[in-house]
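# Overview (structure and organization)
Okay, here's what each chain looks like letter by letter:
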Amino acid sequence: MHSMKLKLIYPEEKVKEPILSRVCKKFDVDINIRKANVQEKMGWLELEFIGNEEEIEKAINFLVESGIEVLPIEGQVFVE
Amino acid sequence: MAKVKGLKCKECGAEYPVEPIHVCEFCFGPLEIVYDYEEIKKNISREKIEKGPKSLWRYVDLLPVENPTVGLSAGFTPLIKAENLGKLLGLNNLYIKDDSVNHPTLSFKDRVVSVALSKAKEFGFDTAACASTGNLANSVAAHAASAGMKCYVFIPSNLETNKIIGSLVFNPVVVAVDGNYDDVNRLSSEIANEFGWAFVNINVRPFYSEGSKTLAFEVAEQLGWKIPDTVVAPLASGSLYTKIWKGFNELIQVGLVEGKPPRMLGAQAEGCSPIYQALKEGRDFIKPVKPNTIAKSIAIGNPADGPYAVKVAKESQGDIQIATDEEIIEGIKLLAKTEGIFTETAGGTTVAVLKKFAEAGVFDKDEVVVAYITGNGYKTMEVLEGKLQKPIHIKPSLIEFKEKVIGKK
């Protein structure tokens, strides 16, 4: 079983959408939320995806296509 | 390892042994090195440091490394009394800490990478890695080469290869990932957690970031074992800024200097200023932004140490200010024409913000102010294209030279 710690950042226009619930229904992944701050104009969650690598990858792609910024728990590690 | 007690979560305080780990298993907070300052105090002295190597390793007693093997010439860069710039800004005691001449790759990254890879070797890693096209990649690739380590550098595939020539020369494996910056970030994290590699700003980050403390240690020693009243430093992830603060506090704690830690002033580019915005809006959390600035080397839209930088700014009675792209260019030019130092955009940001603070009357004219210049302008000369004066064209004629250049017949 694979696990991945992620940080999800919701832009204002996506805060009201039940996107995580959709992820749970569509993909075979367990989601373990550890920390979150959701407000009217933005939201972020730190969580763990547990499942096989392929399902986690599909779930991440779904989130990205839904307009969510999906970062590793370390945040931005790439620097120019 | 008597001087280091272990690792501790900065959020919940959970403790861990000294291992290549960086995230708390309980709350996902970042881990930090915990030292035994009482033990260090027994072994450290000004005399011992002064007899040490002319590099950042003279402060090894306050670094999480037992046996330094990588980057043995990094650090101990000049501290320059900036008389000309000081005069212009009304500061009688302005200093420039010039990491644009750090060894071997001309930025402050040589400090953090030296510490990260020395520790990585102690852990038994034989491979170094990073995700970068700039100063970080330059430094990791160079140090890995000299340390005989394998090296992997990850970049988004849509970047021009000429951006990474300064890293390619050290012969790392460059992996161009089909995807955007976030895809590279996620893949890097997965690789760091799965492979037994030292991914410098991921799994060895607690050790890596400690290297920035030496920017405080050196300044204090170079000022004759005194702490400056105020420092000005750039903010990207917030790590450098918070570690400079930690460094000065440690010097006081182990009795090497007296007095209080400095006021911490920070500089961000207007086009990527999430830490500045959090401070101004009174938030203790960071709202991520999409960077849009020429100051690429400090353009971190989702800074990991942002909340801690906000805390340091408040605790030190400091402040954070921003500079526009135009002001950053002017900052680069101002430092060059007054002090003869060519810095890159991060340094331009710092100088621009220093100037703003001076104009706002933030400084007493006699206080000791240190501005940290963290990178070298010769790496990013393209930002100055069209922004500098043009040559005066003349025929090979003394008459024309007198007329057009000297301005007399």
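A quick note: this is a predicted structure, and the numbers were derived from the prediction, not measured. (Residues numbered from 1 in each chain as written. Chains lettered and ligands numbered in written order. Predicted model: local features only at pLDDT ≥ 70, side-chain atom pairs only at ≥ 80, totals over all residues.)

A word on the overall build of chain A. The secondary structure content of chain A amounts to 2 helices and 4 strands. Relative to its length of 80 residues, chain A is compact, with a C-alpha radius of gyration of 12 Å against a globular reference of 12 Å. With the C-alpha coordinates aligned to their principal axes, the bounding extent of chain A is approximately 35 × 35 × 25 Å. Burial status across chain A gives 32% buried among its 80 residues. (Helix = DSSP H or I, 4+ residues; strand = E, 2+ residues; numbered from the N terminus. Rg over C-alpha atoms; globule rule 2.2 N^0.38 Å. Buried ≥ 20, exposed ≤ 12 C-beta atoms within 10 Å, placed from the backbone.)

All names here are of chain B. The strand order across the open sheet built from 4 strands is β8-β7-β6-β9, with neighbouring strands paired in parallel fashion. Edge positions in the sheet fall to β8 (173–177) and β9 (198–199), since each of these pairs with one other strand and no more. With 2 bridges joining them, strand β6 (residues 127–131) and β9 adopt parallel strand pairing. Within β9, the residue paired with A129 across the bridge is F199. (Pairing = 2+ DSSP bridges.)

Contacts between the two partners involve 28 residues from chain B and, on the opposite side, 20 residues from chain A. When its residues are assigned to classes, the side of chain B that touches chain A shows 13 nonpolar, 10 polar and 5 charged. (Contact = placed C-beta atoms within 7 Å. Nonpolar A, V, L, I, M, F, W, Y, C, P; charged D, E, K, R; others polar.)

This next bit is on the environment of B:F108. Residue and element names in this part refer to chain B. Mapped onto the elements, F108 comes out in the loop between β5 (93–98) and α4 (109–123). When the 28 C-beta atoms within 10 Å are taken as the criterion, F108 is described as buried. Spatially, the C-alpha atom of F108 lies 8.5 Å from that of L215, the residues being 107 residues apart in sequence.

Residues and elements named next belong to chain B. As summarised here, the arrangement of the 3 strands in space is β2-β1-β3, forming an open sheet in which the pairing is antiparallel. In this open sheet, the two strands that pair with only one neighbour each are β2 (15–16) and β3 (31–35). Summarising the sheet, strand β1 (residues 4–9) and β2 pair through 2 bridges and their orientation is antiparallel. Each bridged residue has a counterpart across the sheet, and for L7 the counterpart in β2 is Y16.

Quick look at the pairing of β5(B) now. Residue and element names in this part refer to chain B. When you tally the buried positions in β5, you get 5 out of 6 residues, the bulk of the element. Bridging between strand β4 (residues 79–81) and β5 involves 3 bridges; their strand directions are antiparallel. Across the sheet, residue I80 finds its bridge partner in β5, namely I96. Summarising the sheet, β5 and strand β13 (residues 368–373) pair through 6 bridges and their orientation is parallel. Paired with K97 across the strands is Y372, a residue of β13.

Quick look at the packing of helix α13 (residues 325–339) of chain B against helix α14 (residues 345–359) of chain B now. Residue and element names in this part refer to chain B. It is the contact of α13 with α14, at a shortest axis distance of 7 Å, that shows an interaxial angle of 90°. Relative to α14, the element α13 lies roughly perpendicular. Across from E327, I328, I329, E330, G331, I332, L334 and L335 in α13, the residues of α14 making contact are T345, G347, G348, T349, V351, A352 and K355. (Axes fitted to C-alpha atoms, helices over the stretch in contact; angles between N-to-C directions. Parallel < 35°, antiparallel > 145°, perpendicular 65-115°, else oblique.)

It helps to recall that an α-helix has 3.6 residues per turn; residues three or four apart then point in one direction. Residue and element names in this part refer to chain B. In this model, helix α5 (residues 135–147) (13 residues) spans 18 Å end to end at C-alpha, consistent with the 18 Å of a helix rising 1.5 Å per residue. Summarising burial for α5: 10 of the 13 residues are buried, a large majority. Among the residues making up α5, those that are buried are N135, L136, A137, N138, S139, V140, A141, A142, H143 and A144. At its buried positions, α5 is contacted by α4, β6, β7 (150–156) and α6 (165–168). (Expected span 1.5 Å × (residues − 1).)

Moving on, we get to the domain arrangement of chain B. Residue and element names in this part refer to chain B. Under the domain assignment used here, chain B contains domain 1 (1–43) and domain 2 (79–105 + 209–384). For domain 1 versus domain 2, the distance between C-alpha centres works out to 27 Å. Tallying the contact residues gives 6 residues for domain 1 and 6 residues for domain 2. When residues of the side of domain 1 that touches domain 2 are assigned to their parent elements, the largest contribution, 3 residues, is made by helix α1 (residues 37–43). When its residues are assigned to classes, the side of domain 1 that touches domain 2 shows 4 nonpolar, no polar and 2 charged. (Domains from an automatic or database assignment.)

Our focus in this paragraph is the nonpolar core. Counting 141 residues, the largest nonpolar core has B:A116, B:A128, B:V140, B:A198, B:V200 and B:V232 as its most contacted members. Taken domain by domain, this core gets at least three of its residues from each of domain 1 (1–43) and domain 2 (79–105 + 209–384) of chain B. (Core = buried A, V, L, I, M, F, W, Y, C linked by C-beta atoms within 7 Å.)

Residue and element names in this part refer to chain B. Taking burial as the measure, the 9 residues of helix α9 (residues 214–222) include 8 buried ones, the bulk of the element. Turning to α9, its buried residues number three or more, namely T214, L215, A216, F217, E218, V219, A220 and E221. Residues of α9 that are buried in the fold lie against α2 (46–50), β4, β5, α4, α10 (239–253) and β13. G224 lies just past α9 and shows a positive phi near 80°.

Turning to the packing of helix α1 (residues 19–26) of chain A against helix α2 (residues 53–65) of chain A, a few remarks are in order. Residue and element names in this part refer to chain A. α2 packs onto α1 with a crossing angle of 150° between their chain directions and a minimal axis gap of 10 Å. As for how α1 packs across α2, the hand of that crossing is right-handed. Contact residues: α1 offers I19, V23 and K26, while α2 offers A59, F62 and L63. Partitioning the contact of α1 with α2 into residue classes produces 5 nonpolar, no polar and 1 charged. (Left-handed = near helix turned anticlockwise from the far one by under 90°.)

Attention now moves to unusual backbone geometry. All names here are of chain B. Backbone torsion omega between H103 and P104 reads 5°, so that peptide bond is classified as cis. For P104, the location among the structural elements is in the loop between β5 and α4. Phi is positive for F28, close to 65°, though the residue is something other than glycine. As for its position among the elements, F28 is in the loop between β2 and β3.

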